[in-house]
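# Summary of structural features
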Amino acid sequence: MRIRTSLSARTVAVLTLTLATAGLGTAVPASAATPGHAGFVTKSAESPKSDASEAFFQAVLKSVAEKRAANPSLKAVTVVYDASRAPTFSAQIARSTQIWNSSVSNVRLQQGSNADFTYREGNDPRGSYASTDGHGNGYIFLDYRQNQQYDSTRVTAHETGHVLGLPDHYEGPCSELMSGGGPGPSCTNANPDANERARVNQLWANGFAAAMDKALQKSAR
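This structure is a prediction, so every number in the text was calculated from the model and none was measured.

### Quick word on helix α2 (residues 90-103)
Helical geometry note: an α-helix holds 3.6 residues per turn, so side chains three or four residues apart project in the same direction. With 14 residues, α2 extends 20 Å between its outermost C-alpha atoms, agreeing within 8% with the 20 Å of an ideal straight helix rising 1.5 Å per residue. Listed in full, the buried residues belonging to α2 are Q92, I93, S96, T97, I99, W100, N101 and S103.

Structural data, given as structure tokens:
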């Protein structure tokens, strides 16, 4: 599961969950990686530092805050998604949404129009990932082959975790949702642990307040 953002001149930075196991394609070698690119990470390897996950979260945060500033009467902090371009994974997306909405209290996922991000599906040898251009236009890509090898709901919920602000933590145990492919294909846990739930609640309590301040200042100009 990887996160991809655009940098200057649309240089792509990738934070991967790429699963370069048999039949799943080949990860990009570290020597060939672009700045900000992290290849497949195992529990024995040190997780690379990357701003990619933070960039995706900030883009979604900005999108939600600007819509909220335009309609301040809204009470719930809701992140809207469009799943129409990933029909094969409709059940997994619905289950992922249910998992996150029952796990955290400061933000809610909801399917609808005027979306803050979208889901897409297809084939990509690098696996599934979350991508943004840094300007509120983001999507989660779900790779067919990877979702056959790994628990599909875990893949979907993991990528959605990036939208909510969580980075990859490949060296973590199966009980951590953001450990992604680190524990191997036998791991089917699709639920965030207590620390992950607390972190998302914290991000959407503090981060959203700051984003709202900026959005309100912008709308007042």
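### Topic: the pairing of strand β3 (residues 78-85)
As defined by bridge partners, β3 adjoins strand β4 (residues 108-111) across 4 bridges and the pair is classed as parallel. Residue pairing in the sheet places T78 in a bridge with R108 of β4. In this fold, the crossover linking β3 to β4 by way of α2 has right-handed handedness.

### Observations regarding the confidence of the model for the protein chain
Looking at the protein chain as a whole, the pLDDT averages 74, with 62% of positions reaching at least 70. α2 holds the highest mean pLDDT among the elements of the protein chain, 98, whereas strand β2 (residues 12-15) holds the lowest, 33. Of the regions scoring below 50 in pLDDT, residues 3-50 engages in 107 contacts with residues more than four places distant in sequence or in other chains.

### Focus: the nonpolar core
With 31 residues, the main nonpolar core has V79, W100, Y119 and W204 as its most contacted residues. For this core, the secondary-structure elements that each account for two or more residues are α1 (52-70), β3, α2, β5 (117-122), β7 (138-143), α4 (152-163) and α5 (194-220). The element best represented in this core is α1, accounting for 4 residues.

### Some remarks on the state of the cysteines
For the coordinates displayed, the defined rule picks out 1 disulfide. The side chain of C174 participates in a disulfide bridge whose partner is C187; the two sulfur atoms lie 2.0 Å from each other. Every disulfide takes its handedness from the sign of the S-S torsion; for C174 and C187 that torsion is 85°, giving right-handed. Taken together, the positions of C174 in the loop between α4 and α5 and C187 in the loop between α4 and α5 put the pair 13 residues apart, joining distant regions of the chain. Note on C174: relative accessible area 28%, which makes it partly exposed. By relative accessible area, which is 4% here, C187 ends up buried.

What counts and how
Residues numbered from 1 in each chain as written. Predicted model: local features only at pLDDT ≥ 70, side-chain atom pairs only at ≥ 80, totals over all residues. Heavy atoms only, no water. Helix = DSSP H or I, 4+ residues; strand = E, 2+ residues; numbered from the N terminus. Expected span 1.5 Å × (residues − 1). Buried < 20%, exposed > 50% of the residue type's maximum accessible area, 1.4 Å probe, protein only. Pairing = 2+ DSSP bridges. Right-handed = clockwise from strand over helix to strand, strands pointing away. pLDDT = per-residue confidence, 0-100. Contact = heavy atoms within 4.5 Å. Core = buried A, V, L, I, M, F, W, Y, C linked by side-chain atoms within 4.5 Å. Disulfide = S-S within 2.5 Å.

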